[in-house]
Protein chains: 2
Amino acid sequence: MTINKIAGSVTVSKGFKANGIHCGIRKNKTKKDLAVIISDVQANVAAVYTQNLIKGAPITITKKNIVNGVARAIICNSGNANTCNADGIEIAEKMCELVADATNIAKTDVVIASTGVIGQALDISVIEKGIPSLISGLNNTNGGTNAAEAIMTTDTVPKECAVSFELDGKLCHLGGIAKGVGMINPNMATLLVFLTTDVAISSSLLQNAISDDVKGTFNMVSVDGDTSTNDMLVILANGLAENNLITTTDSNYAIFCKALNIVTEDLCRKIAFDGEGATKLIQCDVINAKDLVSARKAAKSVISSALLKSALNASDANWGRVLCALGYSGATLNPEKIDVSFESQNGTILVCKNGYGVDFDENIATKILSATTVIVNINLNDGDFKASAWGCDLTEEYVRINGGYRT
Amino acid sequence: MTINKIAGSVTVSKGFKANGIHCGIRKNKTKKDLAVIISDVQANVAAVYTQNLIKGAPITITKKNIVNGVARAIICNSGNANTCNADGIEIAEKMCELVADATNIAKTDVVIASTGVIGQALDISVIEKGIPSLISGLNNTNGGTNAAEAIMTTDTVPKECAVSFELDGKLCHLGGIAKGVGMINPNMATLLVFLTTDVAISSSLLQNAISDDVKGTFNMVSVDGDTSTNDMLVILANGLAENNLITTTDSNYAIFCKALNIVTEDLCRKIAFDGEGATKLIQCDVINAKDLVSARKAAKSVISSALLKSALNASDANWGRVLCALGYSGATLNPEKIDVSFESQNGTILVCKNGYGVDFDENIATKILSATTVIVNINLNDGDFKASAWGCDLTEEYVRINGGYRT
C-alpha cells in the first residue's frame, strides 16, 4: 500500500470543482468570505458536528439535507456564524436555494456551513449578489485554494492537504481544506473541515471512517479550550475513481482510512500551528498508557494547559507543569512511573524520570524548546496504548486578537 | 443571627497567633516566604485537598498528621512546591519537626503546605535558620497579615477576611488567609486557604462544613483552568469561644456554615480579582437552572472561557461567547430560553433574550464592561437552582507572568 501526499486539496479528486470569492460579508475586501465545492455527480456524504448544545442554524439545515446519505455541494461563508439569530434557519435555507438555483442541484443536496461572529444578522443579499461569480469561477486548478482562503476567520494561512493511492488498481484521491483557529478544543467538530474523495464507499462506512478518525485527530487538537457552536467536518465521496464500492471493513477500507488519517492529521498540525497568536506547534506524544482513553486524556490535557503553553512560549523547560497537567487529566496513571522529555529538530532532553526531576542543562533545553515545533514525549510506563495531541503556545498576541475580534 | 465582617484574619479567634518572614527560599529579600499559624491549645482540624493525582509531598504528610482529627500548627513556605522531588517526603517531615522542636508541639500536630515551583530541591537549611525568628515573632496583631504575605507567589496583594458572630451567647470568630493566583481551577483545593476559628465544633462536622462549602466557593473560581498539585484548604477550630460543642447539623451549625461562607466567598472574590495579570473580576450569576449541578457547570464554564475572558479584557460585549460557553458546559439547558445581561456599577444591559441577540447600545455596554467588577447574569428559565462563579479577564500580562515564572 502506497499513499502519496500530493499538491492540492478538495479538487484533486475526479469530478470536483471549487471556488472562493469576496462577496461582502467581511468588510475587508481583500478577504474572501464565500466558498463552494461541487461534485459533478451525486456523492455519498458523512459528517460530524460540534457537541456544543448551542448549534448554528447551518448545522440544523445540513443535518436535514444529508439525512439521505447523499449530497453534491458545500456552501460556506466566513465573517458571520449565523448563530443565535432569530432568522437563522430561514437564511441558511435561502443560501442552499441560491446554490441550487445557480447549479441545477437539488437544494436538499447542499451542505451549508457558516463561521464568524455569533448573534449578528447575516445579510443574504450580499451572498445573493456574489453567487453568480462564485459559481462561474468553479474550477479544479486554484479553486481549492480559493475555497480554503474563503473559509478563513483569524487563520493566517489557508490549510490544504491531499493524497493519492490505489484501490483495485484504480487511482484514487482524497483531499481537504480546514479552518481554525480560536475556539478549537474538545469533541469534534470544533472547526471546519471539508474533505472530498473519488473513492466509491457507502455512506455508512464513510460515516464510520470519519467518526473513528476524529477521535485521534481533530478531537486531539486544542487552541484555547473553547468548543464552537458551528463547526463541522464533512466528506463527499463521489465514486468516480471506479474502485469496487467499499461496503465492509475490508482491506480497501483500511487503506481508505489510512489515507483519510494522513490528510486529517496533517490538517490538525496546520490548525494547531496556526492557533491564534501562536509562535510554535506543540505536539504531545503519550506512550505506554494503560488504555487508549487514558493516553488521549493525558496528551490532550498537556497541550491544553495554559501554564505549560505560556512556559513553552518562553522556551522554558517547566516540566513540573507537564506533570501537573497529567495529574488532573483524568487519565489512569502512576505518578512514580512517568518519564518526560522535550524534543525538537534541535535535539531531545530528558527532564523527568519516574516522576522526579533529573539534572539537565537548561541551555540545551532552551535551545530545544526554541524550535517552531516542539514535542513533549511522555512515557507512562503503565501499558501499551499511545496517543498524540496538537496545540500551540499561548502568547500575548492571542489576547490581543480575541479582545478585538468582534468590534 | 448577626454575622459581622471584622478586620484581620487568622488571629482574630481566641488563642491563635501567626507570623510570616523572609527566610531565604525566595531570592528577593523583600518577599516573605515562610508562614506559621499556631493555636494555644489543641484544635479540631479538617481539610480538603487538590484532586490532582500528582500531589506534593506536604499533602501526604498533612493527611497523615491530621488523620486523628486534631492539630495545633500550620507551617507553609512559598517559592518551592516541594513536589516531584525524590527527597520531598523527608523534607516535609523535617519541616514539621523543626516547628515541633521550636514550640513543644507534637510534630504530628503540624499541618504543612508548600507552594511554588515544582521539581526543584527545597533547601531545608534556610528554613531551619529561619525558624527561631519565625516562632519568636508570633503575635495576634500583624501576624495574620505577615502570614498572608508569606504564602503569596505571584499574588499582588495578601488576602484576608474575618467575621464575628454569637453562638449560645458566646462571641465567636472565624477568619482566614488565602493565596492564588495562577493554576486556579476546578475541584478544590486548587489554592492555599488557612482558616481558624474559636468555635467548638467536632472534627467530623468541621469536615462536613468545609466539604460542602468549597463546592459553591473555591471550586467555582477559575483563573486559567490548571489544577495545582499542592493546594489545600485547612481549618483549625480550637473551641476557646466556649460555645456548646457543635456535634449535629443544628441551628448553631447553620450559623457556623453561614459565617464560614461569608469568609470563603470573600476570599474567592479576592483570589479571582488578583488572577495573574487580571484587570477585572468577572462574576457569573446563573439563576433558574434545572438542577444545582447544571447551575454550577454553567457558571463555571462561562468564567473559564478564554475567548470570553479576552473579550471582557477589551470591554467587548461579545455575548455570543457566553452562549457558546453555556453550550459546551455540560449543563442541562434549553438554548431558546436563555437570557443574558451584563451588569456593573455602571448599569445593567440585556444583550440576549430567549437565546437570540437583542438590539443594544454598544457604547452603554462598553461603559458597563469597563468597570473593575463585571457580572454576567444568566437566566436559564428552566428551574429553581442558582450558582455563582468567579474569574478574571485574560490579559497579555498573564502570558508574560507565566512565561518567565520559573527561570
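A. Region of the structure containing the overall build of chain A. Across its full length, chain A carries 11 helices and 15 strands. A compact globule built from 407 residues would reach a C-alpha radius of gyration of about 22 Å, and chain A, at 22 Å, matches this within 12%. Taking the principal axes of the C-alpha coordinates as reference, chain A spans close to 70 × 55 × 35 Å. A buried classification covers 63% of the 407 residues belonging to chain A. Look at the contacts in chain A between residues 6 or more apart in sequence, and 81% of them connect residues 24 or more apart. Accessible area of chain A: about 13,800 Å², with a carbon and sulfur share of 49%.

B. Inspection of the environment of Thr11(A) at higher detail. Residue and element names in this part refer to chain A. You can see Thr11 is positioned in the loop between β1 (4-6) and β2 (16-21). According to the relative accessible area criterion, Thr11 is buried, its value standing at 10%. In sequence terms Thr11 and Cys324 are 313 residues apart; their C-alpha atoms lie 44 Å from each other.

C. Summary view of the pairing of strand β9 (residues 232-237) of chain A. In terms of burial, β9(A) is largely enclosed, as six of its six residues are buried. Along β9(A), one buried face is formed by Met232(A), Val234(A) and Leu236(A) and the opposite face, lined by Leu233(A), Ile235(A) and Ala237(A), is buried too.

D. Quick peek at the domain arrangement of chain A. All names here are of chain A. By domain assignment, chain A separates into domain 1 (4-273) and domain 2 (281-403). Just the C-alpha atoms count here: the centres of domain 1 and domain 2 sit 32 Å apart. Both sides of the domain 1 and domain 2 interface together cover about 1,400 Å² of buried area, and 60% of this is carbon and sulfur. Here domain 1 is connected to domain 2 by zero salt bridges. Here domain 1 and domain 2 share three residue pairs in polar contact (both at pLDDT 80 or more) between them. Among the elements that take part in the side of domain 1 that touches domain 2, helix α6 (residues 251-273) stands out by supplying five residues, more than any other. A per-class count over the side of domain 1 that touches domain 2 returns seven nonpolar, seven polar and four charged.

E. Inspection of the pattern of salt bridges at higher detail. All names here are of chain A. Throughout the structure, instances matching the rule amount to 24 salt bridges over all chains. One salt bridge in this structure joins Lys270 and Asp266, with 2.7 Å as the shortest N-O distance. One end of the pair, Lys270, and the other, Asp266, are both in helix α6, four residues apart, so they sit about a helical turn from each other. By relative accessible area, Lys270 is classed as partly exposed at 31%. For Asp266, a relative accessible area of 12% translates into the label buried. In the salt-bridge network here, residues are joined through shared partners; they are Lys5, Asp266 and Lys270.

F. Looking closely at the sheet that holds strand β12 (residues 347-353) of chain B. Strand order in this open sheet of six strands is β13-β12-β11-β14-β10-β15 (chain B), and the pairing throughout is mixed. One side of each edge strand has no neighbouring strand; the edge strands of this open sheet are β13 (356-357) and β15 (385-392) of chain B.

G. Geometry of the packing of helix α7 (residues 292-304) of chain B against helix α9 (residues 320-327) of chain B. Residue and element names in this part refer to chain B. The contact between α7 and α9 brings their axes to 8 Å, and the two run at 130 degrees. In terms of axis orientation, α7 runs oblique to α9. In the crossing of α7 with α9, the sense of the turn from one axis to the other is right-handed. Taking contact as the criterion, the partners of Ala298, Ser301 and Val302 in α7 are, on α9, Val322, Ala325 and Leu326. Residue composition of the contact of α7 with α9, grouped by class: five nonpolar, one polar and no charged.

H. The arrangement of helix α5 (residues 203-216) of chain A in detail. All names here are of chain A. Here α5 spans 21 Å end to end across 14 residues, near enough to the 20 Å set by a 1.5 Å rise per residue. Buried within α5 are the following residues: Leu205, Leu206, Ala209, Ile210, Asp213 and Val214. All buried residues of α5 lie within an arc of 160 degrees about the axis, which places them on one face of the element. At its buried positions, α5 is contacted by β3 (34-49), β9 and α6.

I. Region of interest: the confidence of the model for chain A. Residues and elements named next belong to chain A. On average, chain A scores 91 in pLDDT, and the residues at 70 or more come to 94%. Put simply, helix α11 (residues 396-403) is where chain A has its lowest mean pLDDT, 64, and β2 is where it has its highest, 98. Considering only residues more than four positions removed or in separate chains, one finds that residues 183-190, a stretch of pLDDT under 50, has 49 contacts. Scoring the predicted complex yields pTM 0.81 and, for the interface, ipTM 0.73.

J. Representation of the sheet that holds strand β13 (residues 356-357) of chain A. Residue and element names in this part refer to chain A. Strands sit in the order β13-β12-β11-β14-β10-β15 across an open sheet of six strands; the sheet is mixed. Strands at the two margins of the open sheet, each flanked by one partner only, are β13 and β15 (385-392). Bridge analysis of strand β12 (residues 347-353) against β13 gives two bridges, and the strand direction is antiparallel. Counterpart to Lys353 in the pairing with β13 is Tyr356. The strands touched by α6 within the sheet are β10 (281-289) and β15, with β15 carrying the most contacts at an inclination of about 40 degrees.

K. Summary view of the packing of aromatic side chains. Under the counting rule described, the total for this entry stands at zero aromatic pairs over all chains. In this structure, Lys63(A) is placed above the aromatic ring of Tyr49(A), and the distance from its NZ or CZ to the ring centre is 5.0 Å.

L. Quick peek at unusual backbone geometry. Residues and elements named next belong to chain B. At Cys84, a residue that is not glycine, the phi angle is positive and equals roughly 65 degrees. By secondary structure assignment, the location of Cys84 is in the loop between β4 (70-78) and α2 (88-103). On the accessibility criterion, Cys84 (10% relative accessible area) is buried. Here Asn288, not a glycine, exhibits a phi torsion of approximately 55 degrees, which is positive. By secondary structure assignment, the location of Asn288 is in strand β10 (residues 281-289). Asn288 sits in the partly exposed class, given a relative accessible area of 25%.

Thresholds applied
Residues numbered from 1 in each chain as written. Chains lettered and ligands numbered in written order. Predicted model: local features only at pLDDT ≥ 70, side-chain atom pairs only at ≥ 80, totals over all residues. Heavy atoms only, no water. Helix = DSSP H or I, 4+ residues; strand = E, 2+ residues; numbered from the N terminus. Rg over C-alpha atoms; globule rule 2.2 N^0.38 Å. Buried < 20%, exposed > 50% of the residue type's maximum accessible area, 1.4 Å probe, protein only. Contact = heavy atoms within 4.5 Å. Areas by Shrake-Rupley, 256 points an atom, 1.4 Å probe, with all protein chains shown as cover. Domains from an automatic or database assignment. Buried area = accessible area lost by both parts, 1.4 Å probe. Salt bridge = Lys/Arg side-chain N within 4 Å of Asp/Glu carboxyl O. Polar contact = N/O pair within 3.5 Å; in protein donor to acceptor, adjacent residues only side chain to side chain. Nonpolar A, V, L, I, M, F, W, Y, C, P; charged D, E, K, R; others polar. Pairing = 2+ DSSP bridges. Axes fitted to C-alpha atoms, helices over the stretch in contact; angles between N-to-C directions. Parallel < 35°, antiparallel > 145°, perpendicular 65-115°, else oblique. Left-handed = near helix turned anticlockwise from the far one by under 90°. Expected span 1.5 Å × (residues − 1). Arc of directions from axis to C-beta. pLDDT = per-residue confidence, 0-100. Phe/Tyr/Trp six-rings, centres within 6.5 Å; stacked < 30°, edge-to-face > 60°. Lys NZ or Arg CZ within 6 Å of the ring centre and 35° of its normal.

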